[in-house]
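# An overview of the molecular structure
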Amino acid sequence: MSDDALRATVTTAAHDLSNAIGAVLNYTTFLAEDLAQTGSAPDYLPHLQSAAERALILVTGLTAALAGDAERD
């Protein structure tokens, strides 16, 4: 696989992963808001949200590193 093809594959995968993580973050926020109204918001939602945020930061870093690598070529 050429460097350009590899970059394109990784970029597409990072974008798709970012979208999936974004959905997890949004739905945990919606769920936390709904459960907060009933007074029964579980303790695990902040942990799930934090994990998704860390994963999104990783994807963003990988995408930035890939873009920086492409600029050096």
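Description of the structure in this document. (Residues numbered from 1 in each chain as written. Predicted model: local features only at pLDDT ≥ 70, side-chain atom pairs only at ≥ 80, totals over all residues. Heavy atoms only, no water.)

Let's shift gears to the packing of helix H1 (residues 3–38) against helix H2 (residues 44–72). One can describe the packing of H1 onto H2 by two numbers: an axis separation of 9 Å at closest approach and a directional angle of 160°. Compared by their axis directions, H1 and H2 come out roughly antiparallel. Every pair of crossing elements has a handedness; the one defined by H1 and H2 is left-handed. By residue class, the composition of the contact of H1 with H2 is 17 nonpolar, six polar and three charged. (Axes fitted to C-alpha atoms, helices over the stretch in contact; angles between N-to-C directions. Helix = DSSP H or I, 4+ residues; strand = E, 2+ residues; numbered from the N terminus. Parallel < 35°, antiparallel > 145°, perpendicular 65-115°, else oblique. Left-handed = near helix turned anticlockwise from the far one by under 90°. Nonpolar A, V, L, I, M, F, W, Y, C, P; charged D, E, K, R; others polar.)

Here we come to the environment of Thr9. Its place among the elements puts Thr9 in helix H1. In sequence terms Thr9 and Ala51 are 42 residues apart; their C-alpha atoms lie 24 Å from each other.

Another point: a nonpolar patch on the surface. Taken together, the side chains of Met1, Leu6 and Val10 present a nonpolar region at the surface, about 320 Å² in accessible area. One can find Val10 in helix H1. (Patch = residues over 30% accessible without salt bridge, like charges linked within 9 Å, V, L, I, M, F, W, Y side chains within 5 Å. Areas by Shrake-Rupley, 256 points an atom, 1.4 Å probe, with all protein chains shown as cover. Salt bridge = Lys/Arg side-chain N within 4 Å of Asp/Glu carboxyl O.)

Before going further, it helps to spend a moment on H1. A turn of α-helix holds 3.6 residues, and therefore any two residues three or four places apart point the same way. Compared with the 52 Å implied by 1.5 Å per residue over 36 residues, the 52 Å span of H1 between its first and last C-alpha is a close match. What H1 keeps buried is the set Arg7, Ala14, Ile21, Leu25 and Thr28. Here the buried face of H1 lies against H2. (Expected span 1.5 Å × (residues − 1). Buried < 20%, exposed > 50% of the residue type's maximum accessible area, 1.4 Å probe, protein only. Contact = heavy atoms within 4.5 Å.)

Now for the pattern of salt bridges. Opposite charge on two side chains makes pairing possible when the charged atoms of those side chains draw close. Throughout the structure, instances matching the rule amount to one salt bridge. For Arg7, the salt bridge identified is with Asp4, shortest N-O distance 3.4 Å. Of the two residues, Arg7 and Asp4 both sit in helix H1, three residues apart, roughly one turn of that helix. Using a relative accessible area of 13% as the deciding quantity, one classes Arg7 as buried. A residue is classified by how much of its surface remains accessible, and Asp4, at 59% relative accessible area, is exposed.

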